[in-house]
Amino acid sequence: MTARAEILSRIRSALADAPAPEPVPRNYHREPASGPGDVELFAHTVDDYRAQVHRADETTVAEIVTGLIAEGKRAVVPPDLPQSWRPRGDVVVDGVPAELSTRELDALDVVVTGCTLGIAATGTIVLDGGAGQGRRALTLVPDHHICIVRTDQIVDTVPQAFQTLDPTAPLTFISGPSATSDIELNRVEGVHGPRTLDVVIVR
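Residues numbered from 1 in each chain as written. Predicted model: local features only at pLDDT ≥ 70, side-chain atom pairs only at ≥ 80, totals over all residues. Heavy atoms only, no water.

Enquirer: Hey, could you go over the overall build of the protein chain for me, with residue numbers and the actual values?
Expert: Along the protein chain, the regular secondary structure elements total 5 helices and 12 strands. Here the C-alpha coordinates of the protein chain stretch approximately 75 × 40 × 30 Å along the principal axes. The proportion of buried residues among the 203 residues of the protein chain is 38%. Within the protein chain, contacts between residues separated by at least 24 positions form 71% of all contacts whose residues are at least 6 apart in sequence. Here the protein chain carries 18 positive and 28 negative side-chain charges, and the mean point of each set is 5 Å from the other. (Helix = DSSP H or I, 4+ residues; strand = E, 2+ residues; numbered from the N terminus. Buried < 20%, exposed > 50% of the residue type's maximum accessible area, 1.4 Å probe, protein only. Contact = heavy atoms within 4.5 Å. Lys, Arg positive; Asp, Glu negative; His and termini not counted. Charge placed at Lys NZ, Arg CZ, Asp CG, Glu CD.)

Below is the structure:
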């Protein structure tokens, strides 16, 4: 008998007279969102991840986004980002007339996108390549990501998010700036994506 088989045999013997475990409910927090999620909790949890939170309404989005881009920095936006959200200044539109190469994206400083939803419990933003979000590379290469989240896109829990999301879409979950502590537990930001994340919540 192998060591693995012996261990499993002992476990089965030890559990032979044990009562059957109580069934674990699997429907927790799966009720569909009945309205916008907890916006203040979302703002708080996003802030906990070292992202910066900003508030706007539809008339002030472009002004706030423009103010987040340092002087002399160049921004890129997806082709279908709403015009009222686009920053002023030197802005490149990806896909017009052709998609930018990775090298061209790396030469740009900031990307501005929308999202598909935000999750209040975890401070997570989800992109699915839909309207106003662009392709995945767009939000991975530039060092600064400005993401615009409408309050009606916020849900409270992760299960509620998955009730809404299309599992066949190219989903990207963003919780704060890109960071790793793989080397001697020292936090290093900007390794796998943007070093800086600004989230603009639009009411």
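Enquirer: Requested: an account of the packing of aromatic side chains, with residues and values cited.
Expert: Throughout the structure, instances matching the rule amount to 1 aromatic pair. Their ring planes at 25° and their centres at 5.8 Å tell us that Phe 162 and Phe 173 sit as a pair that is stacked. Of the two residues, Phe 162 is situated in helix H5 (residues 158-164) and Phe 173 in strand S9 (residues 172-174); the sequence distance between them amounts to 11 residues. The exposure class of Phe 162 is partly exposed, given its relative accessible area of 48%. Residue classification places Phe 173 among the partly exposed positions, given a relative accessible area of 39%. (Phe/Tyr/Trp six-rings, centres within 6.5 Å; stacked < 30°, edge-to-face > 60°.)

Enquirer: Tell me about the sheet that holds strand S7 (residues 144-150), residues and numbers included.
Expert: Either a parallel or an antiparallel arrangement is found when strands of a sheet pair, and the pairing is made through backbone hydrogen bonds. Sheet architecture is open: 6 strands sit in the order S1-S12-S7-S4-S2-S3, paired in parallel fashion. Each edge of the sheet is formed by a strand with only one pairing partner; in this case those strands are strand S1 (52-56) and strand S3 (91-93). For this sheet, the mean angle separating the axes of adjacent strands, direction not counted, is 25°. Sheet topology places S7 next to strand S12 (residues 196-202); 7 bridges connect them, and they run parallel. Along S12, the bridge assignment pairs Cys 147 with Val 199. This element, helix H2 (residues 39-48), spans S1, S7 and S12 of the sheet and lies at about 150° to S1. (Pairing = 2+ DSSP bridges. Axes fitted to C-alpha atoms, helices over the stretch in contact; angles between N-to-C directions.)

Enquirer: Hey, could you go over the nonpolar core for me, with residue numbers and the actual values?
Expert: A general tendency of soluble globular proteins is for nonpolar side chains to be buried together. Counting 16 residues, the largest nonpolar core has Phe 42, Ile 125, Cys 147, Val 149, Leu 197 and Val 199 as the members making the most contacts within it. Counting residues per element, the ones that place at least two in this core are H2, strand S6 (124-127), S7 and S12. For this core, the element with the most residues is H2, which contributes 4 residues. Apart from residues no more than four positions distant in its own chain, Val 199 is found in contact with Phe 42, Val 46, Gln 52, Val 53, His 54, Ile 125, Cys 147 and Val 149. Judged by nonpolar contacts, the second largest core, of 15 residues, contains Trp 85, Val 110, Val 112 and Ile 146. (Core = buried A, V, L, I, M, F, W, Y, C linked by side-chain atoms within 4.5 Å.)

Enquirer: Hey, could you go over the pattern of salt bridges for me, with residue numbers and the actual values?
Expert: Scanning the entire structure with this criterion turns up 8 salt bridges. Across the salt bridge formed by Asp 57 and Arg 203, the nearest N and O atoms sit 3.8 Å from each other. Highlighted residues: Asp 57 in the loop between S1 and helix H3 (61-68) and Arg 203 in the segment after S12, separated in sequence by 146 residues. Under the relative-accessibility criterion, Asp 57 is labelled partly exposed at 24%. Where Asp 90 meets Arg 74, a salt bridge forms, and the shortest distance between an N and an O atom there is 3.0 Å. Of this pair, Asp 90 sits in the loop between strand S2 (75-77) and S3 while Arg 74 sits in the loop between H3 and S2, and the two are 16 residues apart along the sequence. What makes Asp 90 partly exposed here is its relative accessible area of 43%. Look at the salt bridges and you will find they share partners, linking Asp 94, Glu 99 and Arg 135 into a network. (Salt bridge = Lys/Arg side-chain N within 4 Å of Asp/Glu carboxyl O.)

Enquirer: Could you give an account of unusual backbone geometry, with specific residues and numbers?
Expert: The omega angle of the peptide bond from Val 96 to Pro 97 is 0°, so this bond is cis rather than trans. The residue Pro 97 is located in the loop between S3 and helix H4 (102-106) in this model.

Enquirer: Hey, could you go over the side chain of His 145 for me, with residue numbers and the actual values?
Expert: With respect to the helices and strands, His 145 occurs in strand S7. Here Thr 113 takes part through its side chain, which lies 2.9 Å from a polar atom of the side chain of His 145. When sequence neighbours within four positions are dropped, the list of residues in contact with His 145 reads Val 111, Thr 113, Leu 127, Thr 139, Ile 174, Pro 194, Thr 196, Leu 197 and Asp 198. (Polar contact = N/O pair within 3.5 Å; in protein donor to acceptor, adjacent residues only side chain to side chain.)

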